[in-house]
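Analysis of the macromolecular model
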Amino acid sequence: EVQLQASGGGLVQAGGSLRLSCAASGFAFGDYSIAWFRQAPGKEREAVSCIGRLSITYYTDSVKGRFTISSDSTKNTVYLQMNSLKPEDTAVYYCAAAYGRLACPATMTNQRRPNYWGQGTLVTVSS
């Protein structure tokens, strides 16, 4: 059974931090790029960050300098460290797996869809 279990969301004040975790199982973790997406009410889902070959990382412009994606291959887990959170970061955050270690550029620009999706974790940033 393929699973991408997102956790770590919650309520935080603006300027605060959260670390999201995505625990993967049921597929060959090393063959995939792992991405974080988010979706706010009434808005389209957007790619936030992605990690691929040699831990090369990608970020959407709005989170650069504030968010950091990382991977622990020994635990099949990807993290998203979110600092300096803003109310506009409020969304459900989903982790997703796209086949191929070079999949991040296309995934970030919505030129391809991930193969697997998790259920998401809610992040709420208060003013």
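Just so we're clear, the structure is a prediction, and the values are computed from it rather than from any experiment. (Residues numbered from 1 in each chain as written. Predicted model: local features only at pLDDT ≥ 70, side-chain atom pairs only at ≥ 80, totals over all residues. Heavy atoms only, no water.)

Another aspect to go through is the overall build of the chain. Helix and strand content of the chain: one helix and 11 strands. Secondary structure elements of the chain, listed N to C terminal, follow the sequence β-β-β-β-β-β-β-β-β-α-β-β. For the chain, whose C-alpha radius of gyration is 13 Å, the value lies close to the compact-globule estimate of 14 Å for 127 residues. In the chain, buried positions account for 43% of the 127 residues. (Helix = DSSP H or I, 4+ residues; strand = E, 2+ residues; numbered from the N terminus. Rg over C-alpha atoms; globule rule 2.2 N^0.38 Å. Buried < 20%, exposed > 50% of the residue type's maximum accessible area, 1.4 Å probe, protein only.)

So, on to the environment of Ala 103. Within the secondary structure layout, Ala 103 lies in the loop between β9 (91-99) and α1 (104-108). Judged by relative accessible area, Ala 103 falls into the buried class, the value being 5%. Considering only alpha carbons, one finds Ala 103 and Cys 50, 53 residues apart in sequence, at a separation of 8.9 Å. Setting aside residues up to four positions removed in sequence, Ala 103 forms contacts with Ser 33, Ala 98 and Arg 112. (Contact = heavy atoms within 4.5 Å.)

Ile 34, Trp 36, Phe 67, Leu 80, Met 82 and Tyr 93 are the most contacted members of the largest nonpolar core, which totals 29 residues. Taken together, the elements giving at least two residues each to this core come down to β1 (3-7), β3 (18-25), β4 (32-39), β5 (46-51), β7 (67-72), β8 (77-82), β9 and β11 (121-126). If near-sequence neighbours (up to four positions away) are discounted, Met 82 is found in contact with Gly 16, Ser 17, Leu 18, Leu 20, Arg 66, Phe 67, Tyr 93 and Val 123. Counting residues in hydrophobic clusters, the runner-up holds seven residues, among them Ala 35, Cys 50, Ala 96 and Cys 104. (Core = buried A, V, L, I, M, F, W, Y, C linked by side-chain atoms within 4.5 Å.)

Now for the state of the cysteines. With the rule as written, the count across this model stands at two disulfides. Taken N- to C-terminal, the disulfide-bonded cysteines of the chain are connected 1-3, 2-4. (Disulfide = S-S within 2.5 Å.)

One pass over the full model with this rule turns up five aromatic pairs. Between Phe 27 and Tyr 116, the ring centres sit 5.2 Å apart and the planes meet at 40 degrees, which makes this aromatic pair tilted. Of this pair, Phe 27 sits in the loop between β3 and β4 while Tyr 116 sits in strand β10 (residues 116-117), placing them 89 residues apart in sequence. Judged by its relative accessible area of 26%, Tyr 116 is partly exposed. For the ring pair Phe 37 and Trp 117, a centre distance of 4.7 Å and an interplane angle of 55 degrees mean the geometry is tilted. Taken together, the positions of Phe 37 in strand β4 and Trp 117 in strand β10 put the pair 80 residues apart, joining distant regions of the chain. In textbook terms, an aromatic cluster arises when at least three aromatic residues are bridged by ring pairs, as seen for Phe 27, Tyr 32, Tyr 99 and Tyr 116. Seen from the ring of Trp 117, Arg 45 lies directly overhead, with NZ or CZ sitting 4.0 Å from the centre. (Phe/Tyr/Trp six-rings, centres within 6.5 Å; stacked < 30°, edge-to-face > 60°. Lys NZ or Arg CZ within 6 Å of the ring centre and 35° of its normal.)

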